[in-house]
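Structural overview for review
Spelled out, the chains give:
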Amino acid sequence: MNIRRLCRLCNQELNPGHPTVAHLYYCIHTSSTMALYLWFLLAVTNEATATFRPRQLSPCPMVNMEVHCSNMNLRTVPLELPPGIRKLDLSQNLLQNLTEEIRAFYTSVYHLSFHSNRIEFIQPGLFKDMTNLEVLDLSRNYLDIFAMSNSKVGPLSSVKKLDLSGNGLYTGMTSNFLHNAPALLNLSLNGNSITKIHNDTFAGSLALRNIDLHNNVILEIEEGAFDYLPDLFELNLSMNSITCIKDFNLSQLKLLNLSQNSIESFETTESDLEFELLYLDLRENKIFYFPVLPKRNKLIYLDLSRNLLQSVFNKSFVNFLEHISYSSFQNHSQSLNKTLSVDRYIFPNLAKLFYLDLSYNEIKSIPTSFFGSMGSLEFLNLSNNCLEVFSVDDDSPLAFLETLDLSANTLQNLSFGKNALQSLKKLYLRGNLLSTLDPYTFLHLPSIEVLDLQQNILSVCGLQCRQPQEECRGKETGCVFLSSIPSLRYLYLSSNGLVALPRYAFYDSPLLLLDLSNNPGLEISKEAFTGLESSLTYLSFKGNTLQALNMDLSLFTGLKTVDLSSNQLTGLLLWNRESSIELLNLQNNSLFTLEYNTVLVLERALKTLYLSGNPLNCCSNPRFMHLIQKSAVDIPDKDSVTCRYMQDSEYKEINISHVAEEHCEEQERKSVSVIIIIVTALALIAALVLLSRCCHQRKRNVRGSFKA
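What you see is a predicted model; the values in this text were computed from it and never measured.

Description of the overall build of the protein
From N to C terminus, the protein includes 11 helices and 36 strands. Within the span of the protein, comprising 708 residues, buried residues form 44% of the whole. Sequence separation of at least 24 residues holds for 49% of the intrachain contacts in the protein that already meet a minimum separation of 6. Here the protein displays about 36100 Å² of accessible surface, and carbon together with sulfur accounts for 52% of that area.

Put into structure tokens, the structure is as follows:
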């Protein structure tokens, strides 16, 4: 009913002409109804006004229902975000407390990040209604303060990934977060202060598959701490203080990282069960003996680098050897088999291993039988040990080995069987004592691509003719052949004390890179590089005290980079054709300038030029100075490149970027004066010669006309 009409009706009914009780009762009743009606309308209007007041715009950008509020100095969780968001990033803010007021707004969120805030309180049960929440990042906060109250965060009924790293949590505090997380698969606790893993630490999260505990202070792991996690396949315990792993029995584990601890021994429990372990990282520990690995394993990656290994035998075998001499080992093989399980205590069965790193240890020798089961090995690193001898015979199982690193040992003897390393592509021998090898050592490597022979005492054999037949090689001794290796692409011969490179030294070895640096006094035969004209792209003669480069680099049509630094060059040989060189290093030589024609050839392809450390003359070659100052050639060391010019009869230095015409005027004047003097002197000499001839002719005429 219309309110105004109702009021008019009441007034009419109360008119003195109609003073009946019935009419009076009707008006009073109608007035009460109207008042209630008015009150209801006002209440509804106020509620509607309160509920539907204009929503504040969120300061956080949103893309595809993912809201990013990172690094906005927020002190509270914004409540004005739209409903239905899927991801909320509140990292790097100033949040301190997480209370239940946010619960009703973000039940749809599946990814919630509070990384790098100041959170020290979480309302217990805060996340219980967030049934879609799968990823919760609470890393780098102050949750140790919260954990001290012994309050529980859970339940985390749907969370699959939880990051608690960098919170200062110590032993026992993790249970406050893990006590009711049945769906949790991935847990990160790195960067905390945990010293001990109790056997019930993960009792509330039995579905865990990945646990990251690296960078804590773990000293002890209670027996059975991980036994009730049947799906656990990755465990990271690196950067802790663990000293021993004994009776390792996590057969379901696939990845185990124990690097950067203080482990002295690693021993697997005696079992016939097949272990699923694929990746075992034990680098940077204090291991003295080769670890006791599962008898039946699937290992493909084993890193024992930077330990204290002195041999490849394990502790049990070393103890056995104390009772018999090593020389009589073969005679005791039968009794040894009865005493110890050979595949367990001598050398492990590593049939699937393809990566083995034993670098930075103290290993003095390796029996060839050590590799007996490693038929799948592709990468072997033995660098930085104490090896004096290394050999691989024809019966070796290393048929698939592609990379072998023997750098930084004390090798004096190296030998390969003709058919031993058919797949080897990279061989690193840098920093040994190799001087006398079988000349054909590297010809036994049909797939070799990279050969690093730096810092040895080797000499290179030459060929007597261009054909790589046996008769062309001759009976060389004290050197190695580096020719006739069709697969070789990268050859490093720096710091070998090379005295000479003979004819055809690299013939039929299509090198892309050749490093001959730091061989002072190296003499290069005119035909030493024959055969490399179309393949070579990088050539280094750095630090060879060369006074002249007597070779035409333009003959190498693919040459892109040349390093001639730290020599004594005063110029470059005039080249016969257009150069392909893009980077040329001429630092620390004795160059005054570059010849005009050489500059002309260079600047067509040259992109980068290094010049510092030369006594350049600012005015001797304007074309060269133009190359430096105004061409497209980049000179990275330009700020330290100087040249000399004449001023007041003295030489002064200036940066090449600042050279102007006036700096060369005095030198030009002197040059003109010198030319005039030279021309005048030549004219006088010519006049004197002509005069002398005339006088000589007159004398002859006088003598001829004399009569007695």
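Remarks on unusual backbone geometry
Following Gly154, the chain continues to Pro155 via a peptide bond in cis, the omega torsion being 5°. Within the secondary structure, Pro155 is located in the loop between helix 3 (143–147) and strand 8 (161–163). Positive phi values are uncommon outside glycine, yet Asp247 reaches one of about 55°. Locating Asp247 in the fold gives a position in strand 14 (residues 244–248). Residue classification places Asp247 among the partly exposed positions, given a relative accessible area of 47%.

Here we look at a nonpolar patch on the surface
A surface patch of nonpolar side chains, amounting to about 270 Å² of accessible area, comprises Leu682, Ile685 and Val689. Among the secondary structure elements, Leu682 is positioned in helix 11 (residues 665–704). Since its relative accessible area comes to 53%, Leu682 is described here as exposed.

Brief notes about the packing of aromatic side chains
By the definition in use, this model includes 15 aromatic pairs. Taken together, a centroid distance of 6.0 Å and an interplanar angle of 65° make the contact between Tyr504 and Tyr507 edge-to-face. By way of ring pairs, the aromatic residues Tyr279, Tyr301, Tyr355 and Phe379 are connected into one cluster.

Observations regarding the sheet that holds strand 34 (residues 616–617)
With mixed pairing, three strands are arranged side by side in an open sheet as 34-35-36. For this open sheet the edge positions go to strand 34 and strand 36 (650–655), each flanked by a neighbour on one side alone. Examined bridge by bridge, strand 35 (residues 642–647) and strand 36 share six bridges and lie antiparallel to one another. Across the sheet, Thr642 pairs through a bridge with Asn655, a residue of strand 36.

Here's the deal with the environment of Cys618
Turning to its location among the elements, Cys618 is positioned in the loop between strand 34 and helix 10 (622–629). Sequence-wise, Cys618 and Ile656 are 38 residues apart; in three dimensions their C-alpha atoms are separated by 7.4 Å. Filtering out sequence-adjacent residues up to four positions away, Cys618 remains in contact with Met625, Cys643, Arg644, Tyr645, Ile654, Val659 and Cys664.

Here's the deal with the pattern of salt bridges
Under the defined criterion, the tally for this structure stands at 12 salt bridges. Linking Lys298 and Glu276 is a salt bridge whose minimum nitrogen-to-oxygen distance equals 3.0 Å. In this pair, Lys298 sits in the loop between strand 17 (279–281) and strand 18 (301–303) while Glu276 sits in the loop between strand 16 (265–268) and strand 17, placing the two residues 22 residues apart along the sequence. Residue classification places Glu276 among the partly exposed residues on the basis of a relative accessible area of 25%. Each of the salt bridges in this network shares a partner with another, and the network as a whole consists of Asp281, Arg283, Glu284 and Asp303.

Brief notes about helix 10
Those residues of helix 10 that sit buried are Phe624, Met625, Leu627 and Ile628. Buried residues of helix 10, seen end-on, are gathered within an arc of 155° and therefore sit on one face of the element.

Describing the environment of Phe177
As for its position among the elements, Phe177 is in helix 4 (residues 175–178). You can call Phe177 buried: its relative accessible area is 2%. Taking C-alpha positions, Phe177 is 9.1 Å from Gly204, a pair spaced 27 residues apart along the chain. With residues up to four places along the chain from it excluded, the contact list for Phe177 reads Leu143, Phe146, Ala147, Val153, Leu156, Leu162, Leu164 and Leu169.

Topic: the state of the cysteines
Counted by the stated rule, this structure contains four disulfides. Two residues share a disulfide in this structure: Cys618 and Cys643, whose sulfurs sit 2.0 Å from each other. Taking the torsion about the S-S bond as the criterion, the Cys618 to Cys643 disulfide, at about 100°, is right-handed. Here Cys643 lies in strand 35 and Cys618 lies in the loop between strand 34 and helix 10, a separation of 25 residues in the sequence. For the pair shown, Cys618 and Cys643 are each scored as buried.

Some points on the nonpolar core
Burial of nonpolar side chains together is a common tendency in soluble globular proteins. Grouped together as the largest cluster of nonpolar side chains are 169 residues, with contacts concentrated most on Phe202, Phe226, Phe442, Phe506 and Phe529. Ranked by residues supplied to this core, first place goes to helix 10 with four residues. When residues no more than four places from it in sequence are discounted, the contact partners of Phe442 are Leu427, Leu429, Leu437, Leu451, Leu453, Val480, Phe481, Leu482 and Ile485. Of all hydrophobic cores here, the second largest spans six residues; its members include Cys461, Cys472, Cys479 and Phe481.

Let's talk about the side chain of Ser517
Within the element layout of this structure, Ser517 appears in the loop between strand 28 (513–515) and strand 29 (523–524). You can call Ser517 buried: its relative accessible area is 6%. For Ser517, the residues in contact, after removing those within four places along its chain, are Ser494, Ser495, Ser540, Phe541, Lys542 and Asn544.

Regarding the pairing of strand 21 (residues 389–392)
Only one face of strand 21 is buried, namely the one carrying Phe390 and Val392, since none of Val389 and Ser391 on the opposite face is buried. Across four bridges, the pairing between strand 21 and strand 23 (residues 413–416) is parallel. Bridged to Phe390 within strand 23 is Leu414.

As for the side chain of Asn261
Within the secondary structure, Asn261 is located in the loop between strand 15 (255–257) and strand 16. In terms of polar contacts, Asn261 uses its side chain to reach the backbone amide nitrogen of Ile242, at 3.1 Å. Engagement of the side chain of Asn261 in a polar contact is seen with the backbone oxygen of Leu258, the distance being 3.0 Å. If we ignore the near neighbours within four places in the chain, the residues touching Asn261 are Leu237, Ser238, Met239, Asn240, Ser241, Ile242, Glu284 and Asn285.

Observations concerning the environment of Tyr428
Within the secondary structure layout, Tyr428 lies in strand 24 (residues 426–428). The partly exposed category is assigned to Tyr428, whose relative accessible area is 24%. In the structure, Tyr428 is positioned 22 residues away from Val450 in sequence and 7.9 Å away in space, judged by C-alpha atoms. Apart from the residues lying within four places of it in its own chain, the contact partners of Tyr428 are Thr403, Leu404, Asp405, Leu406, Ser407, Val450 and Asp452.

Remarks on the confidence of the model for the protein
Taken as a whole, the protein shows an average pLDDT of 83; of its residues, 81% reach a score of 70 or greater. The low-confidence segment residues 332–345, where pLDDT is below 50, has 26 contacts with residues more than four positions distant or belonging to other chains. A low-confidence stretch, residues 704–708 (pLDDT under 50), is modelled with zero contacts involving residues beyond four sequence positions or located in other chains.

Thresholds, definitions, all that
Residues numbered from 1 in each chain as written. Predicted model: local features only at pLDDT ≥ 70, side-chain atom pairs only at ≥ 80, totals over all residues. Heavy atoms only, no water. Helix = DSSP H or I, 4+ residues; strand = E, 2+ residues; numbered from the N terminus. Buried < 20%, exposed > 50% of the residue type's maximum accessible area, 1.4 Å probe, protein only. Contact = heavy atoms within 4.5 Å. Areas by Shrake-Rupley, 256 points an atom, 1.4 Å probe, with all protein chains shown as cover. Patch = residues over 30% accessible without salt bridge, like charges linked within 9 Å, V, L, I, M, F, W, Y side chains within 5 Å. Salt bridge = Lys/Arg side-chain N within 4 Å of Asp/Glu carboxyl O. Phe/Tyr/Trp six-rings, centres within 6.5 Å; stacked < 30°, edge-to-face > 60°. Pairing = 2+ DSSP bridges. Arc of directions from axis to C-beta. Disulfide = S-S within 2.5 Å. Core = buried A, V, L, I, M, F, W, Y, C linked by side-chain atoms within 4.5 Å. Polar contact = N/O pair within 3.5 Å; in protein donor to acceptor, adjacent residues only side chain to side chain. pLDDT = per-residue confidence, 0-100.

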